[in-house]
2 protein chains.
Amino acid sequence: MKTGCKFGTHRVISPLNVLPQTATKINNDMEIYDNEILIDVMSLNIDSASFTQIEEVCGGDVEKIKKMIMEIVEEKGKMQNPVTGSGGMLIGKVSKIGDKLKGKIDLKEGDKLATLVSLSLTPLKIDTIIDIKKDIDRVDIKGKAILFESGIYSVLPNDMEETLALAALDVAGAPAQARKLVKKDDYVVVLGANGKSGLLCCYEAMKKVGDNGLVVGLVRNEKGRVALEKTGFCHKVVIADAQEPITVLNELMKVSGNKEYDVAINVVNVPNTEMSTILPVKDDGIVYFFSMATSFTKAALGAEGVGKDVNMIIGNGYTRGHAKVTIEDVRESKVIREIFENMYV
Amino acid sequence: MKTGCKFGTHRVISPLNVLPQTATKINNDMEIYDNEILIDVMSLNIDSASFTQIEEVCGGDVEKIKKMIMEIVEEKGKMQNPVTGSGGMLIGKVSKIGDKLKGKIDLKEGDKLATLVSLSLTPLKIDTIIDIKKDIDRVDIKGKAILFESGIYSVLPNDMEETLALAALDVAGAPAQARKLVKKDDYVVVLGANGKSGLLCCYEAMKKVGDNGLVVGLVRNEKGRVALEKTGFCHKVVIADAQEPITVLNELMKVSGNKEYDVAINVVNVPNTEMSTILPVKDDGIVYFFSMATSFTKAALGAEGVGKDVNMIIGNGYTRGHAKVTIEDVRESKVIREIFENMYV
């Protein structure tokens, strides 16, 4: 067996010199390199934007959707929607682990896993499409896929429903980063505290700050306040519009006794919330942007404009052990499990 | 005297609840609050995009340009171009320091300074425009301005030309951050090493890494290589297109003996260079984006896609002491001074 590039560039067919995600065509030959993992695929969880686009083009006709998915994968060697560019993730069983990885990773043949890298970069071959579940953007198939050495994944736990695990794994980066960034005695604010990532971040922050710390959750309205307070995951809940930095700052200073915060975590899903995240943080404090609505320039120029010497971090969807942290949280906290089951299962 | 908000929101007239930069009109009454600084303004260095727009609208007519600038400042209370939204910086002398700041900052009345916060948020009143220097976007005036408590500035050094100091101060954030982030023995790569920020970052990195470290400068072409090698600011210079991540990775691994880098600093002024910055860095290493062409989502999703557990930092234009570090570099290094004088003075 040959050894491939850990990022999978050895499978890029065209154009050359790009990563598999950018490639228009990759090699989906299922003979694995010795640093690849072969997966027997059970289901594709198609990215919502992608599935909606395919469904519309096909007028909702299941046979047409099947045909279109088969064609995309035959053409590209991966399930990447040519219009949206997005992929999704897959669930399957480990069929074979390359010699160079065997024993070095926490996977064995037969394990049931979810890939946490996008289908838009994953070599895939579909034998047959068994079923299409339109309500949950899911495609059950018989087929195979390849995970590269750099590809991330999570073994699926036996003690919870698959849909629950997937809902949690979808935001796995945030709580794991919160666990890393928050220290004992810290004052922490989570903007967008009532969403899926927000709840997990508050939960992690609460465990870290201890008796002298403070965790404040910022929510948009009274409904959010009631829901968040019921969890007990914050010392204080503040209602404010995250797009109004001065209001946010004033409200946060009220509940902290005018002490600036050590860490601000932004998981708000609307734009223009950069300054609300930056202003409450002390010099040398941490501003963690996990929201995909974050503007790089608004953050960079905004902090300079107010002379804030804060460390602004781009939320990386991946950090070592992130899946484990997140599944642990769901397992540990009845409150999280109940909320997630109600919302996403 | 009253105490104002340190970010200057007490001077916002409309709309309410925004920061001075976002405001369409701010109060430019020159009676200062006790946490403000009054400046006798000598020159405005208008942002290049703004000056070009004004010049075009006025057909290059100096009297029309004067009138337009006067009107903008009368209307808004600050010199913020209504089309580009941008400002610039100013040079002046400290006229009065509010009681609450006196003795607590490294400024005294009479000091000559450059403000490092944008004119787009600085209360300004122009008595007369003395001269317009179209070739350097400069407007000499008699007038006054206010610096807020959070406003950043640099006292202008006596031992170098103003234009040289301003050219260096323009990118002050980058070298100061490089000094903070780079440690002894680190392997460091600077992408865009041959530009103004790049040279300063290489210079700082070289001083920090010591004998067992490595500083590699990435440049686009042979001309850049020759120029950068002549400075002696890098151990190795690599020529590659920063938009081709795999090529960049391979070339960087060659010169490092296949060791991944501890720190990558991106000061490239073109888009789509995120992956070239992320791929060469080891897990737990630092990826520092100082380029305004950085895409937040490309960085966040890109690192996840290749399973890179790297710390990605948004380049903050401000960090404590940043102006001092940069002026020190220009003073210390004849090479930097010569290059900057040739390019920007």
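Everything discussed here concerns the structure shown above.
The structure presented is a predicted model; accordingly, all values stated were derived computationally and were not measured.

What counts, and at which threshold
Residues numbered from 1 in each chain as written. Chains lettered and ligands numbered in written order. Predicted model: local features only at pLDDT ≥ 70, side-chain atom pairs only at ≥ 80, totals over all residues. Heavy atoms only, no water. Least-squares fit on C-alpha atoms with pLDDT ≥ 70 in both. Contact = heavy atoms within 4.5 Å. Buried area = accessible area lost by both parts, 1.4 Å probe. Salt bridge = Lys/Arg side-chain N within 4 Å of Asp/Glu carboxyl O. Polar contact = N/O pair within 3.5 Å; in protein donor to acceptor, adjacent residues only side chain to side chain. Disulfide = S-S within 2.5 Å. Buried < 20%, exposed > 50% of the residue type's maximum accessible area, 1.4 Å probe, protein only. Helix = DSSP H or I, 4+ residues; strand = E, 2+ residues; numbered from the N terminus. Pairing = 2+ DSSP bridges. Axes fitted to C-alpha atoms, helices over the stretch in contact; angles between N-to-C directions.

A. Representation of the relation of the copies chain A and chain B in the model. For the pair chain A and chain B, the superposition axis carries a translation of 0.0 Å, the fit reaches an RMSD of 0.0 Å, and the rotation angle comes to 180°. Here the two chains are linked by the operation of a two-fold rotation axis. In terms of C-alpha distance to the rotation axis, chain A has A:Ile313 as its closest residue, with the C-alpha 2.3 Å off the axis. Looking at chain A, 100% of its interface residues are interface residues in chain B too, so the copies touch through the same face.

B. Examining the interface of chain A and chain B more closely. Chain A puts 48 residues into the contact, and the matching count from chain B is 48 residues. Between chain A and chain B, the buried area comes to about 4100 Å², and carbon and sulfur atoms account for 61% of it. Per-residue buried area on chain A facing chain B is highest for A:Phe7, A:Phe296 and A:Ile314; these three make up 18% of the total on that side. A:Asp309 serves as the salt-bridge partner of B:Arg320, at 3.6 Å between the closest nitrogen and oxygen. Summed over the shared surface of chain A and chain B, the result is 16 residue pairs in polar contact (both at pLDDT 80 or more).

C. Looking closely at the state of the cysteines. All names here are of chain B. For the structure on display, the rule yields zero disulfides over all chains. Here Cys201 is not disulfide-linked; the sulfur of Cys202 is the nearest cysteine sulfur, at 7.1 Å. Residue Cys201 is classed as buried on the basis of its relative accessible area, which comes to 0%.

D. Looking closely at the environment of A:Ser150. One can find A:Ser150 in the loop between β7 (138-147) and β8 (153-155). Apart from the residues lying within four places of it in its own chain, the contact partners of A:Ser150 are A:Lys6, A:Phe7, B:Val306 and B:Gly307. One polar contact links the side chain of A:Ser150 to the main-chain carbonyl oxygen of A:Lys6, over a distance of 2.9 Å.

E. Just the sheet that holds strand β5 (residues 112-115) of chain A, in detail. All names here are of chain A. Read from one edge to the other, the open sheet built from six strands follows the order β6-β7-β3-β4-β5-β8, with strand pairing classed as antiparallel. The sheet terminates laterally at β6 (124-133) and β8, the two strands that pair on one side only. Adjacent strand axes in the sheet meet at a mean angle of 30° when their direction is disregarded. Across the sheet, helix α3 (residues 162-169) touches β3 (37-46), β4 (88-97), β5, β7 and β8, and the angle it forms with β4 is around 110°.

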